[in-house]
Amino acid sequence: METMKVFSAKVEDGREGQDGKPSVGPVYRNLLAKQGYPPLDPDMSTTWTLFSSSVEKYPGNRMLGWRKIVDGKVGPYIWKTYKEVYDEVLHVGSALRASGAEPGCRVGIYGANCPQWIMAMEACGAHRLVCVPLYDTLGPGAVNYIIDHAEIDFVFVQDIKVKELLNPNCRSTQRLKAMVCFTLLTEEDNAKASQTGIKMYSWTEFLRTGKENPREISAPQPFDICTIMYTSGTSGNPKGVVLTHETMATFVNGVDIFMDQFEDKMTVDDVYLSFLPLAHILDRMIEEYFFHKGASVGYYHGNLKELRDDIMELKPTFLAGVPRVYDMIHEGIQKALQELNPLRKWIFDALYKHKLSWMNRGYKHKYASPLADLLAFRKVKAKLGGRLRLLLSGGAPLSSEVEEFLRVTCCCFVVQGYGLTETCGACTIGFPDEMCFVGAVGSPAVYNELRLEEVPDMGYNPLGNPPCGEVCVRGKTIFSEYYKNPELTRESFKDGWFHTGDIGQMLPNGVVKVIDRKKNLIKLSQGEYVALEHLENVYGVTPIVDDVWVYGNSFKSMLVAIVVLHEENARKWANLNGYTASLSELCSLSKLQNHVLSELKSTAEKNKMRGFEYIKGVILEAQPFDMERDLVTATLKKKRNNLLKFYQTEIDALYQNLAAKI
């Protein structure tokens, strides 16, 4: 009988709670850190040393690639080498210092992924400046808030974002000393900037300033702040996550050690297609690792709908995305399969089952069925550029169905990870070619450890069978603090452990599965956080709404809602439209459902809500949520798990209908 593989080491037993404290589960570490964390490489102590050492080793390697758009047409990829990037970084850093930037100064970067984004980021590292990404989808006014809260003095900005920063409504812009455009500036933008007293530069002008005013590099120390990365809160303003150079360099060290145990190695010929926002930790840390290895990063040309064109042009070996991206790939392949004649579809299904069966027996994907790859699945790989070696999913759980399908058909490794901005990226990571990881997010990363803590209100017990509880993490890749928010920092750290708010389940082989969220903050499949209670408060003011329960989960990209109708206003609508039915009968009218959706959309627009916060489907209810059906507490707080159980069938049908309309 084959012994079950174990993928993490238990280094401390769990214990029952005492004096009102919750129970805690065992402490787990990566097998490579069972006897303690591996020693850190002193030559890899900051992000600047990661980059500058690669310039010395790989000066002629292609580093950053992009596509020029001329007369509306997108051209081939153009590349800058490590040495060419380094030279521009020196000029940008010198220009910042010549403009008044001193070590510790905050520098904002606002715009889509591109070489200028990275060069501005590396220039910050060269002179102990703090890089602060600006990300507008954190909510209305977020950019304004971050500039003011982080006390940003200089901003690098994409040309299409310049007008937004110069808008009078963006009041915090007045504190800026200089603004550097990624490309060129219009005369109108220059005129507006001069009125506000901000010095404006095009990229070329700023480089010239640096050339004319060279400054010595002021390399950072490991304990210096590298970046303040803002992320969503449950409500209100974004939180500023402080990450030091040592934290980020340690993460890269850990990936190196982790990757060394596998037969397939990363090489300087690997190419990453970057389209996830650099303002998010996942893309930032992937690029840091690629730069450390002397490999290449090519940027998408800015239109996600045309991402496939970038894939075919770049032919990447590595892709990272949120589940929604892989859902789209899965849906595209499934649609193509439906168009096959019955015989060819039967052959595809038979080959799929054949290869899957051998993978489930422990065979690596490339050896499971070379015949199936030759006859069917190489065509899927060709649609993804033909050179793909690894797909990484993060940001939210990837459904088991989609993950299994990609593992079989894409002829490459497919891995899930789990992490937060606060954990500097993945704090758990899956192993390639291990089918027991399907639907799970992996085992602890090299430089952190993990345990589960009891959540009695939700019935999760880390000492139960199976062990479940809030995921808590500590180690060398955890953030320092929430910027200017000591109270929230104290709340998030208890007994030295960072409490993630996610509910995990520990499988018998030491692999973690994320199954729930402790607070009413969920992450949609495209990786965006949504605060459910906040949305319910906003949508609850809609006149035709008496009460509303908003539902979403990490496997879906859209929100739906159960809406309890406001009886008087619903009857007014019925009278105007010639209906005399009872309220419960009105609930089944598609015309009323569309009207309620329209009213909710109007509320969303008035409150300047983000697109993914819009309700896309509704189920109408005549009866209020009540205690008799165990849907609310005695204080009328919604019991979300019970609501889901009660409306599960209707919700599943609603999502099916929405998917059919896409």
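Below you will find a few notes about this structure. Every value quoted in this text rests on a predicted model; they were computed, and no experiment measured them. (Residues numbered from 1 in each chain as written. Predicted model: local features only at pLDDT ≥ 70, side-chain atom pairs only at ≥ 80, totals over all residues. Heavy atoms only, no water.)

Attention now moves to helix 10 (residues 307–314). Among the residues of helix 10, those classed as buried are Leu307, Asp310, Ile311 and Leu314. Along the axis of helix 10, the buried positions cluster into a sector of 100°, meaning they face one direction only. Contacts from the buried residues of helix 10 go to strand 3 (62–70), strand 4 (73–81), strand 12 (271–274), strand 13 (296–299), strand 14 (318–321) and helix 14 (370–383). Directly after helix 10, the chain includes Lys315, whose backbone phi takes a positive value near 55°. (Buried < 20%, exposed > 50% of the residue type's maximum accessible area, 1.4 Å probe, protein only. Helix = DSSP H or I, 4+ residues; strand = E, 2+ residues; numbered from the N terminus. Arc of directions from axis to C-beta. Contact = heavy atoms within 4.5 Å.)

Turning our attention to the layout of surface pockets. For the second largest pocket, the calculated volume is near 560 Å³. Taken together, 19 residues make up the lining of the second largest pocket; nearest its centre are Arg67, Cys114, Gln158, Thr183 and His301. Residue assignment for the lining of the second largest pocket shows that the elements contributing at least two residues are strand 3 and helix 3 (115–126). Element by element, the count of residues in the lining of the second largest pocket is highest for strand 3, at five residues. (1 Å grid on protein atoms, 1.4 Å probe; cavity = no way out; pocket = protein on both sides within 12 Å on 5 of 7 lines; lining within 4 Å. Points joined across faces, edges and corners; volume = space filled by probe spheres on them.)

Before going further, it helps to spend a moment on the nonpolar core. If you look at the biggest cluster of nonpolar residues, it comprises 132 residues, and the most contacted ones within it are Leu96, Phe156, Leu273, Phe377 and Leu391. Element by element, the count of residues in this core is highest for helix 3, at eight residues. Setting aside anything within four residues of it in sequence, one finds Phe377 in contact with Phe348, Leu351, Tyr352, Lys355, Ala372, Val408, Thr409 and Cys411. Counting residues in hydrophobic clusters, the runner-up holds 31 residues, among them Leu524, Ile544, Ala561 and Val596. (Core = buried A, V, L, I, M, F, W, Y, C linked by side-chain atoms within 4.5 Å.)

Let us look at empty space enclosed by the protein. Applying the stated criterion to the full structure yields three cavities of 30 Å³ or more. Of the voids in this model, the largest cavity is the one considered here, and its volume is about 60 Å³. Taken together, Thr47, Met121, Glu122, Cys124, Gly125, Leu129, Cys131, Cys226, His245, Arg284 and Glu288 make up the full set of residues lining the largest cavity. Elements with a contribution of two residues or more to the lining of the largest cavity: helix 3 and helix 9 (281–293). The element that contributes the greatest number of residues to the lining of the largest cavity is helix 3, accounting for four residues. The residue inventory of the lining of the largest cavity, partitioned by class, reads five nonpolar, three polar and three charged. (Nonpolar A, V, L, I, M, F, W, Y, C, P; charged D, E, K, R; others polar.)

Here the focus is the packing of helix 3 against helix 9. Running from amino to carboxyl end, helix 3 crosses helix 9 at an angle of 75°, the nearest separation of the two axes being 13 Å. The orientation of helix 3 relative to helix 9 falls into the category roughly perpendicular. Within the contact between the two elements, helix 3 uses Ile118, Met121 and Glu122 and helix 9 uses Arg284, Glu287, Glu288 and Phe291. By residue class, the composition of the contact of helix 3 with helix 9 is three nonpolar, no polar and four charged. (Axes fitted to C-alpha atoms, helices over the stretch in contact; angles between N-to-C directions. Parallel < 35°, antiparallel > 145°, perpendicular 65-115°, else oblique.)

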